[in-house]
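Breakdown of the fold
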Amino acid sequence: MTNIEQRKGHHKFKIWHYIPIAIILLLAGYFLYPQIALLTRSWYVVKSMMLWAVLAAAAAETLSWVGNGLIFHYILKANGKNLPVIKGSLIALGTLAISLVAGGAVGLAMSYGWLNRESKDGNASFLAATLPAFFNTGTIMGVSIIGVIYLFLAHDLTTGQLIEFGTALLFLMTTTILTLLALRAEPLVKRVGVSALGLWARIRQQSFNPEEVIDSIDKFFSALKSMGNGKWALALMGAIVNVGFDMLAMFFLFIAAGSPISAATLFSGYGLPLVLSKVAFIFPGGIGIIEGSMKLLFESLGVSSAISVVVVMSYRLFSFWIPTILGFGASAYLSGRLAHHHRKV
């Protein structure tokens, strides 16, 4: 009788740990089902394009996600931990999918859990979960600034567009600068952290130990200092690989559509819509924002409306929709491994 009860309890434990996987798959269906018509149209558009160039775009997009894996790899390596690049790419894909359906905070928490399972170091994992966004956004901002300068000199930006994109760039630059300044002001971060978390604990009527918060912040800054001596440049290289190959994928898609473009046109049409989507974060994945602003920018640069629509739809299929679908599979796989890890523990 005891053995039977133990087996039942063991099965309940297994089911409990696989609930996140079931939730992920349900969310995937809920999010993707309304998009089936759009995905079908995008696929028909791609099928009409030059095959070798489409395959080249797909290869470039794959290497772009390898860039995300490199960022995770080098951040953890700076802290004496090892994470295979491919596994880092899977974590990036899973984080994208979870963030789309459950919000950025949940995506960050899941990313931290997966990284912590691999590294066994909570502070290094938190650093690896948070820093990639800064590296990628900084790289996209660099591309966007080049694009704005070209558009300004070529007089292809209307006053409204200049204000819109300039405001978005200024917001992101200000946020980045303030964050960098905060990371150089450890005492200030401790005071703000203790005050904010203390207030949250009082609101929830829970006990609060400021020493635990200070200790966690100390460990975080210790992990952050490991990125010194040029080690941050390796993680930045991963972001450049990510953005660079993503741009190359778009370049190949213009070739596939029979309308090659110059590097200046590519820089101008690529970066600014992505910056705008970072500011308009209420639209998950920049859906609608990226497509609309990219189409308008490429048309203002002399690309025909028909070609702009074809390329933008194809680009979003390869850079967003396919990675999102793969991301749900990656998150289910990673969550399954996490459940297996918990059972072993």
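Now for a quick tour of the structure. Owing to the predicted nature of the structure, the values given are computational and were not obtained by experimental measurement.

1. Topic: the overall build of the protein chain
Check the secondary structure of the protein chain and you find 13 helices and zero strands. Traced from its N-terminal end to its C-terminal end, the protein chain shows the element sequence α-α-α-α-α-α-α-α-α-α-α-α-α. Counting all 345 residues of the protein chain, 43% fall into the buried class. Of the contacts formed within the protein chain by residues at least 6 apart in sequence, a portion of 77% connects residues at least 24 apart. Surface summary for the protein chain: the accessible area is close to 17,800 Å², and the carbon and sulfur share equals 69%.

2. Quick notes on the pattern of salt bridges
A complete count under the given rule lists four salt bridges for this structure. When the shortest N-O distance is used, the salt bridge between Glu118 and Arg117 registers 2.4 Å. A relative accessible area of 7% means that Arg117 is categorised as buried. Of the charged contacts, one joins Glu291 and Arg316 as a salt bridge, the two residues approaching to 2.9 Å between their closest N and O atoms. Residue Glu291 is found in helix H12 (residues 289–300), and its partner Arg316 is found in helix H13 (residues 305–344); the two are separated by 25 residues along the sequence.

3. Here we look at the nonpolar core
Counting 46 residues, the largest nonpolar core has Met250, Leu253, Phe254, Tyr270, Met294, Phe298 and Tyr315 as the members making the most contacts within it. Of all the secondary-structure elements, those providing two or more residues to this core are helix H2 (36–47), helix H3 (51–78), helix H6 (122–154), helix H7 (159–183), helix H10 (231–256), helix H11 (263–279), H12 and H13. In terms of residue count, the dominant contributor to this core is H10 (nine residues). Discounting chain neighbours no more than four positions away, the residues touching Tyr270 are Val143, Val243, Asp246, Met247, Met250, Met294, Phe298 and Tyr315. With 30 residues, the next largest nonpolar core counts Trp114, Leu131, Phe221 and Ala235 among its residues.

4. Focus on the side chain of Glu61
Tracing the backbone through its elements, the reader meets Glu61 in helix H3. Among buried Asp, Glu, Lys and Arg side chains, Glu61 stands out as unpaired, with Arg316 the closest opposite charge at 9.3 Å. Here Glu61 is in contact with Phe245, Asp246, Ala249, Tyr315, Phe318 and Ser319, once residues within four sequence places are set aside.

5. Points about the layout of surface pockets
Of the voids in this model, the largest pocket is the one considered here, and its volume is about 1,600 Å³. Of all the elements in the fold, those that place two or more residues in the lining of the largest pocket are H3, helix H4 (85–102), helix H5 (104–119), H6, H7, H10, H11 and H13. Residue classes in the lining of the largest pocket are distributed as 22 nonpolar, 17 polar and four charged.

6. Here's the deal with a nonpolar patch on the surface
A cluster of nonpolar side chains, Ile145, Ile149, Phe152, Leu153, Met173, Ile177, Leu178 and Leu181, forms an exposed patch at the surface whose accessible area comes to about 780 Å². Among the secondary structure elements, those contributing two or more residues to the nonpolar patch are H6 and H7. One can find Met173 in helix H7.

7. Comments concerning the side chain of Asp246
Tracing the backbone shows Asp246 in helix H10. No salt bridge is formed by the buried Asp246; its nearest oppositely charged neighbour, Arg316, is found at 7.9 Å. In this structure the side chain of Asp246 is engaged in a polar contact, spanning 2.6 Å, whose partner is the side chain of Tyr315. Ignoring sequence-local partners within four residues, the contact set of Asp246 consists of Glu61, Ser64, Tyr270, Tyr315 and Ser319.

8. What about the packing of aromatic side chains?
Per the stated rule, a full pass over the model turns up five aromatic pairs. With a centroid separation of 6.4 Å and 75 degrees between ring planes, the pair formed by Tyr270 and Tyr315 is classed as edge-to-face. Of this pair, Tyr270 sits in helix H11 while Tyr315 sits in helix H13, and the two are 45 residues apart along the sequence. Centre to centre, the rings of Phe320 and Trp321 are 4.8 Å apart; their planes meet at 75 degrees, and the pair counts as edge-to-face. Take Phe320: its relative accessible area is 4%, and that puts it in the buried class. By relative accessible area, Trp321 is classed as buried at 2%. Site record: aromatic cluster; members linked through ring pairs are Trp52, Phe251 and Phe252. A cation over an aromatic ring shows up here: Arg316 above the ring of Phe320, its NZ or CZ 4.4 Å from the ring centre.

Definitions and limits used
- Residues numbered from 1 in each chain as written.
- Predicted model: local features only at pLDDT ≥ 70, side-chain atom pairs only at ≥ 80, totals over all residues.
- Heavy atoms only, no water.
- Helix = DSSP H or I, 4+ residues; strand = E, 2+ residues; numbered from the N terminus.
- Buried < 20%, exposed > 50% of the residue type's maximum accessible area, 1.4 Å probe, protein only.
- Contact = heavy atoms within 4.5 Å.
- Areas by Shrake-Rupley, 256 points an atom, 1.4 Å probe, with all protein chains shown as cover.
- Salt bridge = Lys/Arg side-chain N within 4 Å of Asp/Glu carboxyl O.
- Core = buried A, V, L, I, M, F, W, Y, C linked by side-chain atoms within 4.5 Å.
- Lys, Arg positive; Asp, Glu negative; His and termini not counted.
- 1 Å grid on protein atoms, 1.4 Å probe; cavity = no way out; pocket = protein on both sides within 12 Å on 5 of 7 lines; lining within 4 Å.
- Points joined across faces, edges and corners; volume = space filled by probe spheres on them.
- Nonpolar A, V, L, I, M, F, W, Y, C, P; charged D, E, K, R; others polar.
- Patch = residues over 30% accessible without salt bridge, like charges linked within 9 Å, V, L, I, M, F, W, Y side chains within 5 Å.
- Polar contact = N/O pair within 3.5 Å; in protein donor to acceptor, adjacent residues only side chain to side chain.
- Phe/Tyr/Trp six-rings, centres within 6.5 Å; stacked < 30°, edge-to-face > 60°.
- Lys NZ or Arg CZ within 6 Å of the ring centre and 35° of its normal.

Read these as geometric descriptors, not functional statements.
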